[in-house]
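If you want the building blocks of each chain, they are given just below.
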Protein chains: 2
Amino acid sequence: MPHKKLKLADLAKLAGVSTSTASRALNDNPLIKKETRERVQKLAKEHNFSLNAAASRLRLQKTKVIAVLINLDSETEQSIDDPFLLKVVSDINLAVNRQGYELLLSNSFMAGTDWYGYFIDGRRADGVIVVGQGKQQALIDKAAKAGMPLVVWGDPKTDADYVVVGSDNFLGGELAAEHLIAKGSKNPMFLGDPAHAELSERYDGFCAGAERAGVTATQLLKIDITSQAAYDAINHKLRNDGLDFDGIFACSDMVALGAMKALKERYVSIPNDVQVVGFDDIAMADISFPSLTTIRQDTRQAGELLVKKLLAQLSGQKVSSSQLEIALIERQSS
Amino acid sequence: MPHKKLKLADLAKLAGVSTSTASRALNDNPLIKKETRERVQKLAKEHNFSLNAAASRLRLQKTKVIAVLINLDSETEQSIDDPFLLKVVSDINLAVNRQGYELLLSNSFMAGTDWYGYFIDGRRADGVIVVGQGKQQALIDKAAKAGMPLVVWGDPKTDADYVVVGSDNFLGGELAAEHLIAKGSKNPMFLGDPAHAELSERYDGFCAGAERAGVTATQLLKIDITSQAAYDAINHKLRNDGLDFDGIFACSDMVALGAMKALKERYVSIPNDVQVVGFDDIAMADISFPSLTTIRQDTRQAGELLVKKLLAQLSGQKVSSSQLEIALIERQSS
DNA sequence: GAACTTTATGCAAACGTTTGCAATAGGCGT
DNA sequence: ACGCCTATTGCAAACGTTTGCATAAAGTTC
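Residues numbered from 1 in each chain as written. Chains lettered and ligands numbered in written order. Predicted model: local features only at pLDDT ≥ 70, side-chain atom pairs only at ≥ 80, totals over all residues.

## Re the overall build of chain A
- Tallying secondary structure elements over chain A gives 14 helices and twelve strands in all.
- Rg of the C-alpha trace for chain A: 25 Å, well past the compact-globule value of 20 Å for 334 residues, more than 25% over.
- Principal axes of the C-alpha set define a box for chain A whose edges measure 85 × 40 × 35 Å.
- For chain A, buried positions account for 52% of its 334 residues. (Helix = DSSP H or I, 4+ residues; strand = E, 2+ residues; numbered from the N terminus. Rg over C-alpha atoms; globule rule 2.2 N^0.38 Å. Buried ≥ 20, exposed ≤ 12 C-beta atoms within 10 Å, placed from the backbone.)

## Thoughts on the relation of the copies chain B and chain A
- Superposing chain B onto chain A takes a rotation of 180° plus a shift of 0.0 Å along the axis, which leaves an RMSD of 0.1 Å. As the rotation angle and translation indicate, the two copies are arranged about a two-fold axis.
- Taken as a fraction of all interface residues of chain B, those also at the interface in chain A reach 98%, which identifies the copy contact as same-surface. (Least-squares fit on C-alpha atoms with pLDDT ≥ 70 in both. Contact = placed C-beta atoms within 7 Å.)

## What about the protein's contact with DNA strand D?
- The immediate surroundings of DNA strand D are formed by 26 residues, with L8(A), S20(A), S18(B), S20(B) and T21(B) found nearest.
- Of all the elements in the fold, those that place two or more residues in the surface near DNA strand D are α1 (8–15), α2 (19–26) and α4 (53–60) of chain A together with α2 (19–26) and α4 (53–60) of chain B.
- Looking at the surface near DNA strand D residue by residue, the classes come out as eleven nonpolar, ten polar and five charged. (Near = placed C-beta within 6 Å. Nonpolar A, V, L, I, M, F, W, Y, C, P; charged D, E, K, R; others polar.)

## Here's the deal with the domain arrangement of chain A
- Segmentation of chain A into domains returns domain 1 (8–51), domain 2 (65–166 + 299–324) and domain 3 (169–297).
- Here domain 1 of chain A and domain 3 of chain A have C-alpha centroids that lie 61 Å from each other. (Domains from an automatic or database assignment.)

## Topic: the interface of chain B and chain A
- The interface is formed by 52 residues belonging to chain B together with 51 residues belonging to chain A.
- Among the elements of the structure, α4, α5 (83–98), β2 (102–107), α6 (108–111), α7 (115–121), α12 (253–265) and α13 (283–287) of chain B are those that each provide at least two residues to the side of chain B that touches chain A.
- For the side of chain B that touches chain A, the leading source of residues is α5(B), giving eight residues.
- Within the side of chain B that touches chain A, the residues separate by chemical class into 22 nonpolar, 16 polar and 14 charged.

## Things to note about the sheet that holds strand β4 (residues 150–153) of chain B
- Here twelve strands make up an open sheet; going across it, the order is β11(A)-β5(A)-β4(A)-β3(A)-β1(A)-β2(A)-β2(B)-β1(B)-β3(B)-β4(B)-β5(B)-β11(B) and the pairing mixed. With one partner strand each, in any of the chains shown, β11 (322–324) of chain A together with β11 (322–324) of chain B form the two edges of the open sheet. Ignoring which end each strand starts from, the neighbouring axes of this sheet average 25° apart.
- Bridge count between strand β2 (residues 102–107) of chain A and β2(B): three bridges; the pairing is antiparallel. Across the sheet, the residue bridging to L104(A) is L104(B), located in β2(B). (Pairing = 2+ DSSP bridges. Axes fitted to C-alpha atoms, helices over the stretch in contact; angles between N-to-C directions.)

## Some details on the packing of helix α9 (residues 169–182) of chain B against helix α10 (residues 197–212) of chain B
Residue and element names in this part refer to chain B.
- Look at α9 against α10: their axes get within 6 Å of each other, and the N-to-C directions meet at 40°. Classified by the angle their axes make, α9 and α10 are oblique. The interaxial crossing formed by α9 with α10 has right-handed handedness. Each of N169, F170, L171, G172, G173, E174, L175, A176, A177, E178 and I181 in α9 lies in contact with α10, whose residues at this interface are E198, E201, R202, Y203, D204, G205, F206, A208, G209 and A210. (Parallel < 35°, antiparallel > 145°, perpendicular 65-115°, else oblique. Left-handed = near helix turned anticlockwise from the far one by under 90°.)

## Things to note about the pairing of strand β9 (residues 275–280) of chain A
All names here are of chain A.
- Most of β9 sits inside the fold, with six of its six residues counted as buried.
- Bridge count between strand β8 (residues 247–250) and β9: three bridges; the pairing is parallel. Bridge pairing links F249 to V277 in β9.
- Considered for its hand, the β-α-β crossover made up of β8, helix α12 (residues 253–265) and β9 is right-handed.
- Pairing analysis gives four bridges linking β9 to strand β10 (residues 293–297), with the strands arranged parallel. Following the sheet pairing, D280 is matched in β10 by R296. (Right-handed = clockwise from strand over helix to strand, strands pointing away.)

## Brief notes about the environment of P30(B)
- Its place among the elements puts P30(B) in the loop between α2 and α3 (34–46).
- Taking C-alpha positions, P30(B) is 61 Å from G258(B), a pair spaced 228 residues apart along the chain.

## Considering the sheet that holds strand β12 (residues 326–329) of chain A
Residue and element names in this part refer to chain A.
- With respect to topology, six strands assemble into an open sheet ordered β7-β6-β8-β9-β10-β12, the strand pairing being mixed. A single partner strand is all that each edge strand has here, and the edge strands are β7 (219–222) and β12. Across the sheet, the mean angle separating the axes of adjacent strands is 20° when strand polarity is ignored.
- Both strand β6 (residues 188–192) and β8 contribute to a ladder of four bridges, which runs parallel. When the bridges of β8 are listed, F190 appears paired with F249.
- The sheet strands contacting α12 are β6, β8, β9 and β10, and the helix crosses β9 at an angle near 155°.

## Considerations on the protein's contact with DNA strand C
- Every one of the 26 residues lining DNA strand C counts as a neighbour, but S18(A), S20(A), T21(A), L8(B) and S20(B) are closest to it.
- Of the residues assigned to the surface near DNA strand C, the class counts are eleven nonpolar, ten polar and five charged.

## Quick word on the nonpolar core
- Membership of the largest hydrophobic core comes to 92 residues, with the highest contact counts inside it found for L191(A), A250(A), A259(A), L191(B), A250(B) and A259(B).
- Sequence-distant contacts of A250(B), that is, excluding residues within four places in its chain, are made with L191(B), G192(B), A230(B), V255(B), A256(B), A259(B), V276(B), G278(B) and F279(B). (Core = buried A, V, L, I, M, F, W, Y, C linked by C-beta atoms within 7 Å.)

## Digging into the pairing of strand β7 (residues 219–222) of chain B
Residue and element names in this part refer to chain B.
- Across four bridges, the pairing between strand β6 (residues 188–192) and β7 is parallel. What sits directly across from L191, in β7, is L221.
- After leaving β6, the chain enters α10 and then returns to the sheet as β7, a path that is right-handed.

## Considerations on α4(B)
- For α4(B), the full list of buried residues reads A53(B), A54(B) and R57(B). Buried positions in α4(B), seen along its axis, are confined to an arc of 100° and lie on one side of it.
- As for α4(B), its buried residues are in contact with α4 of chain A. (Arc of directions from axis to C-beta.)

## A short note on helix α14 (residues 299–314) of chain A
All names here are of chain A.
- Spanning 16 residues, α14 covers 22 Å between terminal C-alpha atoms, matching the ideal 22 Å at 1.5 Å per step.
- Along α14, the positions that sit buried rather than exposed are T299, A302, G303, L305, L306, V307, K309, L310 and L311.
- Phi turns positive, to about 90°, at G316, one or two residues after α14. (Expected span 1.5 Å × (residues − 1).)

## Section: the packing of helix α11 (residues 227–241) of chain A against α12(A)
Residues and elements named next belong to chain A.
- Relative orientation of the contacting elements α11 and α12 amounts to 35°, with a least axis distance of 7 Å. Like other packed secondary-structure pairs, α11 and α12 cross with a definite hand, here right-handed. When α11 is examined against α12, the residues S227, Q228, A230, Y231, I234 and N235 are found in contact with a partner set consisting of M254, V255, L257, G258, A259, K261, A262 and L263.
- Grouping the constituent residues of the contact of α11 with α12 by class yields nine nonpolar, four polar and one charged.

## Some words on the environment of S291(A)
All names here are of chain A.
- Structurally, S291 can be placed in the loop between α13 (283–287) and β10.
- With 17 C-beta atoms counted inside 10 Å, the residue S291 sits in the partly exposed group.
- Sequence-wise, S291 and E304 are 13 residues apart; in three dimensions their C-alpha atoms are separated by 28 Å.
- Apart from the residues lying within four places of it in its own chain, the contact partners of S291 are A285, D286, R331, Q332 and S333.

Below, the structure is given as structure tokens:
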């Protein structure tokens, strides 16, 4: 039997009511007698009826869709391979669904530069969650100014007129520095690129924490934030400067893992010669050997909060940025 | 200036033409005089005009959306954390966009059990890509029988009446076995769970390859396919049986990494005492120490092919399952 | 029993596109 | 001048919901 597609009107006919009654019944509108409502709903289930979302959206001017815009750093079209970002997206997905919304996965390639037009005017989504501030702060600003319901995963200390949710990166840096020093490190080093908003917070926190713990001279090894770059940089540094550090605070776990590989290859003992602290707490942190001490970002709560704030905006409330709590997870690398 | 939302009719008025002409002009319909077309298009750009997707979909009965349905193995609602699956999704995303489609990220939580009704009747998507056959083969079958445009990422040897794209898992197993043995392994072991369709192929290939290379007695260590389970299982085995194997073919890189951690902790040298080969080639394979020899799955090509086949279905063509080529990437662990 | 309220339902318009068909205008051959 | 063809545009219907308003039936009050 070929699939016979029913519309609301057909369902209504089956139930012996008008289309309007059927519509209201499906929405559990108390205007309709309870008995009727249940009859219609039961019939809908039996026939696997589902509303035409396109028609519904057109009529309601609402999509019940949230777009997630992944802000790739690179200009070149390429897939995301940062496991942490993917984890964030995955947790957003869950939170979105839990609120009865659907998730449109997008990127600047599709959205172009006029995000408001594309998503909102185009009735593709009711609001947007931007993951990663990347280099497109200007576009985010523009969209926010146009009044687009918008929440950004990034550095919550960003001074902008849009809402940002992110971890307390400064505190994370502090914790890392204090931990390294408490574990005996005299020459801790920061590995990352303070040019990124979030990372600069981590670096500042790192310096502040170190100073407070009595270590004023911290090194900064500036690199692209990939594990490959970390690997190369540490190799290069060991060759040139020798082992003039005894602790590393890496700006992400992937960077930390890259650094550790270089250390291990050169028989630098972790944590005896060099202690390492990462950031994110991706799955690999626990599986690497030695396992990686790191600052955990609570992605589950992040997803929850991002969505909650976006929905609040949609219902007209004024919301503000906020920070997520973080925690140091101590493992073997320190 | 508050954002003034224009509809097609407004744009038409601006251009001094009728709505129908404007519509056709935007679609580059040659019925319309070239000059007029260009005028309308230019005007659209200037005013950041974008069509109301809801209205368009309603009228066209097409959404230009492809849904990606992530088939979680576990019953419990939880986020995906398998980096390989995420990579697949990410590459599908790119391929989808390249074809001018949008990507609806979904899961069984939203779609319920009547996928056809939800996605197709509900006009949420034109077709669905299922990632991971998981335990819901029945649901996939049902959707396929209902005539839903559908492509599955999984084991292409699956005998089902839906289209599957996946790697040549059998060949992967063979390559792994041959490589291990060529590198001197006498007692290679498979680490994984042959209950899964894809993994059973890998296991069968592994056995066949070993046999052909002259090793008839291969071990099988059956585990949940997580790195934690692998870690635990290897630890347990070393304690109970001692080191009675000298090669591991892990069913995935994550499993391999978990196993390697256990080996390293007990000072079993890789690759001297035990050689390890993984499967997938996730980013971590290269960064782990020692770096992991593995069978690379070409996720980029996978995304491309999945989308291509789905679109072919949409245009009424008959398509069949197909296998992706794989390659052994030799690194330090073997 | 008239006037009024309450409860339950139906009618019809509107959301913004796309497209078959009709219409207009100009060109050209006879 | 007439018919006919082509090129370009416009009219109006349709896609399937949702909802303000009208309606109808039934209950309540005086």
